[in-house]
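Each chain is listed here by its residues.
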Amino acid sequence: MRKILFLVGLAGLLVVGTTSAHAQNYVLTIKDHRFTPTEIKIPANKRVEITVVNDDPTPEEFESKEMKVEKVIPGKSKGVVRVGPLKPGRYPFFGEFHEATAKGTLIAE
Amino acid sequence: MLGALLIVFREVLEAGLIVGIVMAATRGVPGRGRWITIGIAAGVLGAGVVAMFAGVISEAFQGSGQELFNASVLGIAVVMLMWHNAWMARHGREIADEMRRVGTAVSEGSKPLTALAVVIGLAVLREGSEVVLFLYGIMAQGTSGSALLAGGVLGIAAGAAFTALTYFGLLAIPNRHIFSVTSWLIALLAAGMAAQSVQFLNSAGLVESLDQTVWDTSWLLSEGSILGRLLHILVGYTERPTEMQLLVYVAILIAMYVLMRIARPSPRNPMPAAAE
C-alpha cells in the first residue's frame, strides 16, 4: 500500500515536473544587511528568477509572504528563487535576520 | 535581544508544536520517551550538519538546493505521518482500552515510533538549522553578540515551554478521544506540510503547473501574525495558496482518510475490552 502511494506520488511529480522555458533573471545583492537594488521592476503575470547574492559574512533569510518566498542565504553565498506569475502590484520583501535594514520592494507591472 | 528572541522562538515553535502533537499521539505507547529523545537529538545534530553545509546546499541544483532539500524533508515527514495514522487506526483502540484498564503503558508493539521519531528529527532539523545559522551569524558579527545570544537562548527556552504547553493541553483530552483527535491533528499537519512542500518545488522551478493564486486572505489573517503562524503550522493555513497547493492539501486529506479506513480492524472481531 505504502509502496503504491509512493509510486503514485513519484509519477505525479514527474508529470508536473516539466522544465519550463528560461525565466528572466534579476539579481539582488545583500551587503551590510541591505538589499541593492531596493526596488526591482518585473513584468506582471510572468515567472521570473531572482538570484540573491549575499556578500555579507552572515546568513540572511530572504522572505516575502506576498511572493510566497522563504529562503536562507548563507554568508558569502547565493541562491536562486523563482517567483510569480504575479498580478500587477507592489510586493515587499525583507531579510528576516536583519529586518530593520534589509528591506525592499518588487514591482510587478 | 528581543529581536533575536522572537526569531529563534518562531523557528523553535514550529518544531515544538510538531513534537508536542507527536508526543500526545503516542501517549501510552511503550518506549516512546527513548524514540522521541533519539528523534530530537538526531534533529539537533542534523541541524548542525545542515547549517555547516548551508552554503553547499544553497548553491546546489542551480541555486535551488535548499528548496529541494526542504521539499524532500517535508515529503518524507508526510509519508511517515500517514504511516503512523494508518497504524494507529489499526491499533489505537487496543492501546486506548488497555490504557483505561492498566492506567499507563501497554505491551503493544512499537512500530510507528520509528516513523514518528523520524518526523520529530526532520522537524527539528529543518527549523533547527535556521536557528543554528542565525545564532552563528550573531556570533560571527562579534559586537554586542552576547545580548543577542542570550535572546536566542531565551527563544529556545520559550519554544520548549510552548511544546510542553501543547503536550499537556492535548493530554487534557479524555483517553477515549485522544487518538481520534491526534489522528486528525496529524492528518491536517501532514496536508499542510505537503502543501508547503509543493511551494518549495514551485520556488525551485520543478512544479509550475496550477500556479495561480486561488485566494488572498492576508487582509483577514496575516501569515506573519501569531495566530496566522500557529494555524500555518497546525492546519497549513496559507494566505495566498496556489491551485496546486490546494489540490495537494485536499488530496493528502482524502488519502489519509482512505488509508485509515482501510487499516481499521474489521468490526466482525470486536475488541475484548468492549464487553467490560
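Residues numbered from 1 in each chain as written. Chains lettered and ligands numbered in written order. Predicted model: local features only at pLDDT ≥ 70, side-chain atom pairs only at ≥ 80, totals over all residues.

Peer 1: Please explain the overall build of chain B as it appears in this structure.
Peer 2: A count of helices and strands for chain B gives 9 helices and 0 strands. What you see in chain B, going N to C, is helices and strands ordered as α-α-α-α-α-α-α-α-α. Here chain B holds 276 residues, and 48% of them are scored as buried. Looking at chain B alone, contacts between residues at least 24 apart form 84% of all its contacts between residues at least 6 apart. (Helix = DSSP H or I, 4+ residues; strand = E, 2+ residues; numbered from the N terminus. Buried ≥ 20, exposed ≤ 12 C-beta atoms within 10 Å, placed from the backbone. Contact = placed C-beta atoms within 7 Å.)

Peer 1: Quick question: what am I supposed to make of the sheet that holds strand β3 (residues 39-42) of chain A here?
Peer 2: Pairing between sheet strands relies on hydrogen bonds along the backbone, with the strands arranged either parallel or antiparallel. Residue and element names in this part refer to chain A. One open sheet accounts for 5 strands, arranged β3-β9-β8-β5-β6; its pairing is mixed. The open sheet has two free edges, formed respectively by β3 and β6 (69-73), since each of these has just one partner strand. The average undirected angle you get between the axes of adjacent strands in this sheet is 20°. (Pairing = 2+ DSSP bridges. Axes fitted to C-alpha atoms, helices over the stretch in contact; angles between N-to-C directions.)

Peer 1: Could you clarify how one ought to interpret unusual backbone geometry in this entry?
Peer 2: Residue and element names in this part refer to chain A. The peptide bond linking Thr-36 to Pro-37 adopts the cis configuration, its omega dihedral lying at -10°. Residue placement: Pro-37 occurs in the loop between β2 (34-36) and β3. Cis geometry marks the peptide bond from Gly-84 to Pro-85; its omega dihedral reads 5°. Examined against the element boundaries, Pro-85 turns out to sit in the loop between β7 (77-83) and β8 (89-95). One non-glycine residue with positive phi stands out, namely His-33, at about 60°. Examined against the element boundaries, His-33 turns out to sit in the loop between β1 (24-31) and β2. With 18 C-beta atoms packed within 10 Å, His-33 lands in the partly exposed category. Of note, the phi angle at Lys-68 is positive, near 60°, even though the residue is not glycine. By the C-beta count within 10 Å, which is 25 here, Lys-68 ends up buried.

Peer 1: Just to check I follow, could you spell out the sheet that holds strand β4 (residues 48-54) of chain A for this structure?
Peer 2: Taken together, 4 strands build an open sheet; the order of strands is β2-β1-β4-β7 (chain A) and the sheet is mixed. Only two strands of the sheet have a single partner each, and these edge strands are β2 and β7 of chain A. This sheet shows a mean twist of 25° between the axes of neighbouring strands, independent of strand direction. When β4 of chain A meets β7 of chain A, the two strands line up antiparallel, connected through 7 bridges. Paired with Val-53 of chain A across the bridge in β7 of chain A is Lys-78 of chain A. Together, β4 and β7 of chain A form the strand contacts of helix α3 (residues 54-63) of chain B, whose direction differs from that of β7 of chain A by roughly 50°.

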